[in-house]
Amino acid sequence: MTASERRTQLVGVAKQVFAELGYDGASIEEIAARAKVSKPVIYEHFGGKEGIYAVVVDRESAALLQMITSRLGPDVGARQQIHESAMAFLDYIEADPAGFRVLTRDTPSGSSGVAGGSMAGLLSDVAAKAEGILAGFFAEAEIDTSVSPLYAHALVGMIVHVGAWWSEVREPSKEEVAGHLTALSYLGLARLPKEPHRLGR
């Protein structure tokens, strides 16, 4: 293998190991054994377990973010934006369950920036994209646009948590799940009062 091919192979093997065992349970020995290489090969490419884990997380985060943001845009209606976001997330879970497990399970203890905040950072990026879309929707509805970050994070959080649940049960179909999420979100936004904070009084 070329150096690039070997690196790609090691990242793929490591992703499976981290998905199965978590960061703490995984080891360079296990990754090397499955890849049929010596431990020094992994150290040469990545410097150690934390290094290869960071590469796996970065690649998975980028893949998921691209899947979601590629379906969002100014030319797509609000209802379709919600539906496409939900479908993109569910498509990713279905296509790459190992990658999803790496992003959502345990992360290096005491490690800042390697992956501890990877999923949170990823979701913040998605929420920032959704925030811009919602701001336009709120402006048209004459609702205070300053609350768009709140709703953006609420929508993203709902999709992520439902997706995590669906990744385990796989029922109903992802199309049905996306439909339910769209109905709940869009109908709620469409009927949002101008002063929703008064509803709790």
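All of these numbers come straight from a predicted model, not from anything done at the bench.

Q: Where do I start with the packing of aromatic side chains in this structure?
A: Two numbers describe a pair of aromatic rings. These are the distance of the centres and the angle of the planes. Across all of its chains, the model carries five aromatic pairs by this definition. Between the aromatic rings of Phe89 and Phe100, the centroid separation amounts to 5.7 Å while the plane-to-plane angle is 85°, which identifies the pairing as edge-to-face. Here Phe89, found in helix H5 (residues 78-95), pairs with Phe100, found in helix H6 (residues 97-104); they are eleven residues apart in sequence, far enough to count as distant. Of the two residues examined, Phe89 and Phe100, each falls in the buried class. Between the aromatic rings of Phe138 and Tyr151, the centroid separation amounts to 5.3 Å while the plane-to-plane angle is 80°, which identifies the pairing as edge-to-face. Note that Phe138 is positioned in helix H7 (residues 118-140) and Tyr151 in helix H8 (residues 148-169), a separation of 13 residues in sequence. Taken together, the ring pairs connect Phe18, Tyr23 and Tyr53 into an aromatic cluster. Just above the ring of Tyr23 sits the side chain of Lys49; from NZ or CZ to the centre is 4.3 Å. If you follow Arg79 out to its NZ or CZ, it ends over the ring of Tyr186, 5.8 Å from the centre.

Q: Would you mind going over the environment of Met1 with me for this structure?
A: The residue Met1 is located in the segment before helix H1 (3-25) in this model. Among all residues touching Met1, those that are not within four sequence positions of it are Arg6 and Gln9.

Q: It is not clear to me how unusual backbone geometry should be interpreted in this structure. Could you clarify?
A: Omega for the peptide link from Glu171 to Pro172 comes to -10°, which places this bond in the cis form. Of note, Pro172 is situated in the loop between H8 and helix H9 (174-190). One non-glycine residue, Lys36, lies in positive phi territory at about 60°. With respect to the element layout, Lys36 can be found in the loop between helix H2 (28-35) and helix H3 (39-46). Looking at Lys36, the relative accessible area reads 73%, which means it is exposed. In this structure, Arg170 takes a positive phi of about 60° despite not being glycine. As for its placement among the helices and strands, Arg170 is situated in the loop between H8 and H9.

Q: What am I meant to see in the UniProt feature "DNA-binding region" (unreviewed entry) in the chain here?
A: As recorded in UniProt, the sites labelled "DNA-binding region" (unreviewed entry) are residues 27-46. Secondary structure content for residues 27-46 is 80% helix and 0% strand, and the end C-alpha separation is 13 Å.

Q: Mind showing me how you'd approach the UniProt feature "domain: HTH tetR-type" (unreviewed entry) in the chain here?
A: Here the UniProt-annotated "domain: HTH tetR-type" (unreviewed entry) positions come out as residues 4-64. Annotated as 89% helix and 0% strand, the span residues 4-64 places its first and last C-alpha atoms 22 Å apart.

Q: Looking at this structure, I do not really get the pattern of salt bridges. What am I missing?
A: Side chains bearing opposite charge may pair, as long as their charged atoms lie close to each other. Applying the stated criterion across every chain, the model contains seven salt bridges. Two residues, Lys15 and Glu60, come together in a salt bridge whose shortest N-O distance is 3.2 Å. With Lys15 in helix H1 and Glu60 in helix H4 (residues 49-69), this residue pair connects regions lying 45 residues apart in the sequence. Judged by its relative accessible area of 8%, Glu60 falls in the buried class. Salt-bridge contacts for Lys15 lead to Asp96; the nearest nitrogen and oxygen are separated by 2.8 Å. Residue Lys15 is located in helix H1, and its partner Asp96 is located in the loop between H5 and H6; the two are separated by 81 residues in the primary sequence. In this structure Lys15 comes out as buried when scored by relative accessible area, which is 14%.

How each quantity is defined
- Here the residue numbering is sequential within each chain, running from 1 through the sequence in written order.
- Note on the predicted model: pLDDT of at least 70 is required for a residue's local features to be given, and 80 or more for side-chain atom pairs to be given and counted; whole-chain, interface and lining totals, by contrast, use all residues.
- Excluded from the side-chain calculations are hydrogens and water; all other atoms, namely the structure's heavy atoms, are used.
- Think of it this way: a Phe, Tyr or Trp ring, Trp meaning its six-membered ring, pairs with another when their centres are within 6.5 Å, and the plane angle makes it stacked under 30 degrees, edge-to-face over 60, tilted otherwise.
- The helix and strand labels rest on DSSP assignments: H or I over at least four residues marks a helix, E over at least two residues marks a strand, and numbering proceeds from the N terminus.
- Using a 1.4 Å probe on the protein chains alone, a residue whose accessible area is under 20% of its type maximum counts as buried, one over 50% counts as exposed, and one in between counts as partly exposed.
- For a ring to carry a charge above it, either NZ of a lysine or CZ of an arginine must fall within 6 Å of the ring centroid while also lying within 35 degrees of the normal to the ring plane.
- Contact criterion: two residues are considered in contact whenever any of their non-hydrogen atoms come within 4.5 Å of each other.
- UniProt positions are given in the numbering used here, feature names are shortened, and annotations may be inferred rather than shown by experiment.
- Within this document, salt bridges are pairs made up of a side-chain nitrogen of Lys or Arg and a carboxyl oxygen of Asp or Glu, the two lying within 4 Å of each other.

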